[in-house]
Amino acid sequence: MTLNEAQLRELERQAIELPSWAFGNSGTRFKVFAQSGVPRDPFEKLSDAAQVHHLTGLAPSVALHIPWDLVDDFSALRTHAESLGVRLGTINSNTFQDDEYKLGSLAHSDASVRQRAIDHHFTCIDVMHETGSTDLKIWLADGTNYPGQDDMRARQDRLAESLAVIYERLGAEQRLVLEYKFFEPAFYHTDVPDWGTSYAHCVELGERAMVCLDTGHHAPGTNIEFIVTQLLRLGRLGAFDFNSRFYADDDLIVGAADPFQLFRILYEVVRGGGYEPDSGITFMLDQCHNIEQKIPGQIRSVLNVQEMTARAILVDRESLNTAQQAGDVLGAHQIMMDAFYTDVRPALATWRETRGLPGDPMAAYAESGYQKQIEDDRVGGSQAGWGA
Ligand code: PSV
Ligand code: MN
């Protein structure tokens, strides 16, 4: 089995958004291992992100996190991005690092804390107007640790009200993307724990509210591709945060822990129209590289997504449909597995070379001298880090 010309052409439109925070120092609650050459500001993060796009042709945009990426002049940041051949993408809000948010943000019982969190989102929307970003992504750490700690129903009502105020403030071209996560940092209940809760809030808000599916935010054994299918069917899949997990929200390289799961997810994306140019889905990475180098970590990640997308495109959907209609259980299953087991890497290397890209982007980065250059140049100042 091999990719034909038409299938290879489909790969042209793949666009994966990189998270600015993947280039800063990160770690676990036990230790952050600093790396040399790490960016000291959002401008340097963009330079690193642009390397990934330059070598793979797959990553034309970069998501920002506010306040981690606050700068005095966002139009200068935008110009800097464009001069590097990338653009600024999703703006991620952050209501999980201020002391005021200990008991929640948009769902907090105190109206003044809710207002503080709403105002933060207004700031994010102002930033979006300057960067040209269309998506405001909201992930909330809101929840409780103990039964009875707060009124779960009242929290849902307050959350709905706060989200409505933020939604109202969006420009006509802008969307609100609501991410869910089943636990952490709240351990008893989370206010947006699952796709159904996110979907319910989105429907209440309006057409420009969409669900964000972070692949690491599910209980073990969850059939994530089913959620993908359902959200596509309902027209509310707005974005992915791709990463992989062995245990919980590990934020490891997408496709590293379970390539087959990534294939199954991307098959449902392709089958459900999510890969069409007008699907409006943002395919973002949400990862940290704690012990491995950051730029190669991001290169590996986008290549993993491309490889599994190619395999998903390879599935012979006509034969699959025939087998399904005939009730041919094992025949249908084999069609999926034939595509999954096809090594598309040589075809993708050729695809890259015919487009003026290096056949092996990992090797090209290692040989480029960029890593040494940033390690030599970025001396002094304070390194960017998750939470800084
Ligand atoms: C929360 O775990 C999350 O997935 C959200 O997307 C945050 O914005 C991001 O991680 C921060 O790394
Ligand atoms: Mn996420």
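K.L.:
Would you mind going over the coordination of the manganese ion (ligand 2) in detail, with residue names and values included?
P.N.:
Within the protein, the atoms that donate to the manganese ion (ligand 2) are Glu179 (OE), Asp214 (OD), Asp241 (OD) and Asp286 (OD), at distances of 2.1 to 2.2 Å. Classification of the site at the manganese ion (ligand 2) as octahedral follows from its six donor atoms and the range of 72 to 165 degrees in their angles at the metal. Positions of the donor residues of the manganese ion (ligand 2), expressed as sequence spacing, correspond to E-x34-D-x26-D-x44-D. Residue Glu179 is found in strand S6 (residues 175-179), and its partner Asp214 is found in strand S8 (residues 209-214); the two are separated by 35 residues along the sequence. Asp214 shares its class with Glu179; the two are buried.

K.L.:
I'd like a rundown of the pairing of strand S10 (residues 282-285), residues and numbers included.
P.N.:
Every second residue of S10 is oriented toward a common face, with Thr282 and Met284 on one face and Phe283 and Leu285 on the other, all of them buried. Taken together, the two bridges between strand S1 (residues 16-19) and S10 define a ladder with parallel strand orientation. Bridge assignment links Ile16 to a residue of S10, and that residue is Phe283. In this structure, strand S9 (residues 237-242) lies alongside S10, joined through four bridges in parallel fashion. Paired with Phe242 across the bridge in S10 is Leu285.

K.L.:
Got a sec to walk through the packing of helix H2 (residues 42-56) against helix H3 (residues 74-83)? Specific residues and values, please.
P.N.:
For the pair H2 and H3, the least separation of the axes is 10 Å and the interaxial angle reads 20 degrees. Judged by the inter-axis angle, H2 sits roughly parallel to H3. As for the relative orientation of H2 and H3, their crossing is right-handed in sense. Two secondary-structure elements touch here, H2 through Pro42, Phe43, Leu46 and Ser47 and H3 through Ala76, Leu77, His80 and Ala81. For the contact of H2 with H3, the residue count by class is six nonpolar, two polar and no charged.

What counts as what
- Residues numbered from 1 in each chain as written.
- Chains lettered and ligands numbered in written order.
- Predicted model: local features only at pLDDT ≥ 70, side-chain atom pairs only at ≥ 80, totals over all residues.
- Heavy atoms only, no water.
- Donors = N, O, S within 2.8 Å, 3.2 Å for Na, K, Ca; no water.
- Tetrahedral: all angles 85-135°; square planar, octahedral: opposite > 155°, others 65-115°.
- Helix = DSSP H or I, 4+ residues; strand = E, 2+ residues; numbered from the N terminus.
- Buried < 20%, exposed > 50% of the residue type's maximum accessible area, 1.4 Å probe, protein only.
- Pairing = 2+ DSSP bridges.
- Axes fitted to C-alpha atoms, helices over the stretch in contact; angles between N-to-C directions.
- Parallel < 35°, antiparallel > 145°, perpendicular 65-115°, else oblique.
- Left-handed = near helix turned anticlockwise from the far one by under 90°.
- Contact = heavy atoms within 4.5 Å.
- Nonpolar A, V, L, I, M, F, W, Y, C, P; charged D, E, K, R; others polar.

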